[in-house]
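# Notes for the structure review
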Amino acid sequence: MIETDILIIGAGPTGLFAVFEAGLLKLKCHLIDALPQPGGQCSEIYPKKPIYDIPGFPEVLAGDLVANLMEQIKSFQPGFTLGERAETIEKLADGTFIVTTSKGTKHHAPVVAIAGGLGSFEPRKPLLENITKFEDNGIAYIIKDPEVYRDKRVVIAGGGDSALDWSIFLTDVAKEVTLVHRRNEFRGALDSVEKVQYLKNKGKINLITPAEIVGLVGGEHLKSVQVKRTNEDEVTTLDVDHFIPLFGLSPKLGPIADWGLEIEKNAIKVDNTLDYQTNIPGVYAIGDVNTYPGKLKLILCGFHEATLMCQSAFKRIFPDKKYVMKYTTVGGVEGFDGSKKEAPKAVVKAIN
């Protein structure tokens, strides 16, 4: 039986940052994740994708963000159960919980924080007759390493942020980038839409709208895609090396959906007026897995939710203790291993 103060289900950025905030409160954390490594989608799906809305980082690769978070929490010595899915939860008479994984590993904690992101997910695939034939042979639904597309001809299909962002990014990598979308309007950020239009005008992106991919041609490897413009009968053939349909992911909560939590639109309802607690006292949900009025599915919002969750968890675990919040610029950060990163002397002097 693994014992801990806060059991975190999900080792993505939000779950990892929760370890840091809990560590400041001298609370021990253990994380469960079905993936074989920490980082969630940032590690598994788009480690080389740049992220632009992390405070203090004009641009940071998703994989580098995970590496930084792991370095930030190292002195707090979190435990990990990786490659195992949280299957069942049992609430004991004393109000604590036992969570058992798909491999039978049992974890005991007074607080459970679900930080499972979108849950388990599968890519949404276009309805093309022979698409499975070319999977991993010219077709990919996730870009893990952009260098695979170095000096190659790439066609991307989709109209959301991922399609726009990767089209922009690959203009500096691929020999030729074509973006195909079934509408003239895009669902992504306005800034990205404007940048794609700018790159189109500069001749760096081939933009085909409104249109869709209707056929795939090749032997063992994909050789070309067939494109049909809306309201036109003619089909155009484009020679390609890679076709990347980016139509989003179909998220599923998995076994967590059967834990008696209040679910709304495949997300866990929480009380955002205080601490992001669910309808089960002692069980919290933070990050993309939760929902509440005004919810924004952003990593930085998950960081905020993790911070408030840890404050509430401390009060639940130690109801008779009073915690006086301190700023890390005053006292530095002291890890469980005795290490301490001191605040700059000039800062401490100015505060004193």
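One structure accompanies this document, and this report is about it. As the structure is a computational prediction, the values presented were derived from the model and not from experiment.

### Quick word on the sheet that holds strand β6 (residues 79-82)
Note on sheets: strands pair through backbone hydrogen bonds, and any given pair is parallel or antiparallel. If you walk across this open sheet you meet the 5 strands as β6-β3-β2-β10-β22, and the pairing is parallel. The sheet is open, and its two borders are formed by β6 and β22 (283-285), each paired with just one other strand. Looking at each pair of strands side by side, their axes are set apart by 20° on average, direction ignored. Inspection of the sheet shows strand β2 (residues 6-9) paired to strand β10 (residues 111-114) by 4 bridges, in the parallel sense. By the bridge assignment for β10, I6 is matched with V111.

### Quick word on the pattern of salt bridges
Taken as a whole and judged by the stated rule, the model has 9 salt bridges. Between R153 and D241 there is a salt bridge, and its shortest N-O distance comes to 3.3 Å. In this pair, R153 sits in strand β12 (residues 153-157) while D241 sits in the loop between β17 (235-239) and β18 (242-245), placing the two residues 88 residues apart along the sequence. Close ionic contact of E264 with K269 constitutes a salt bridge, the shortest N to O distance being 3.7 Å. In this structure, a network of salt bridges that share partners links the residues E262, E264 and K269.

### Side note on the pairing of β17
Pairing between strand β16 (residues 222-229) and β17: 5 bridges, direction antiparallel. Residue V225 lies in a different strand from β17, and its bridge partner there is L238. Following β16, the chain reverses through 5 residues before pairing antiparallel with β17; N231 in that reversal takes a positive phi of roughly 65°.

### Things to note about the packing of aromatic side chains
Tallied over the entire structure, the rule returns 6 aromatic pairs. Aromatic side chains F17 and F303 sit 4.8 Å apart centroid to centroid with 40° between the ring planes, which places their arrangement in the tilted category. In this pair, F17 sits in helix α1 (residues 13-24) while F303 sits in helix α6 (residues 299-317), placing the two residues 286 residues apart along the sequence. Given the relative accessible area of 14%, F17 is considered buried. A centroid spacing of 5.4 Å and a plane angle of 55° characterise the contact between F314 and F318, whose relative ring orientation is tilted. Classification of F314 as buried rests on a relative accessible area of 8%.

### What to know about the environment of D275
Tracing the backbone shows D275 in the loop between β21 (267-269) and β22. Considering only alpha carbons, one finds D275 and Q311, 36 residues apart in sequence, at a separation of 8.0 Å. Polar contacts involving the side chain of D275 include one to the main-chain amide nitrogen of Q277, which spans 3.2 Å. In this structure the side chain of D275 is engaged in a polar contact, spanning 2.7 Å, whose partner is the side chain of S312.

Rules of the game
Numbers given to residues run from 1 along each chain, matching the order in which its sequence is written. Since the coordinates come from a predicted model, pLDDT governs what is reported: local features require at least 70, and pairs of side-chain atoms require 80 or more to be given and counted, while whole-chain, interface and lining totals use all residues. Calculated side-chain values reflect all of the structure's heavy atoms, with hydrogen atoms and water omitted. By this definition, two strands are paired if DSSP reports at least two bridges between them. Segments assigned H or I by DSSP are reported as helices when at least four residues long, segments assigned E as strands when at least two residues long, and all are numbered from the N terminus. Orientation is described by axes fitted as lines to C-alpha atoms, over the contacting stretch for helices, and by angles from 0 to 180 degrees between their N-to-C directions. The working definition used for a salt bridge is a side-chain nitrogen of Lys or Arg within 4 Å of a carboxyl oxygen of Asp or Glu. A pair of aromatic rings is counted whenever rings of Phe, Tyr or Trp (Trp by its six-membered ring) have centres within 6.5 Å, and the orientation is called stacked for planes under 30 degrees apart, edge-to-face for over 60 and tilted otherwise. Throughout this description, buried means an accessible area under 20% of the type-specific maximum (1.4 Å probe, protein chains only), exposed means over 50%, and partly exposed covers the range between. The term polar contact refers here to a pair of N or O atoms within 3.5 Å; inside protein, the definition further demands a hydrogen-donor-capable atom paired with an acceptor-capable atom, and it admits residues adjacent in sequence only when both atoms are side-chain atoms.

The values reported here are purely geometric and, on their own, carry no functional implication.
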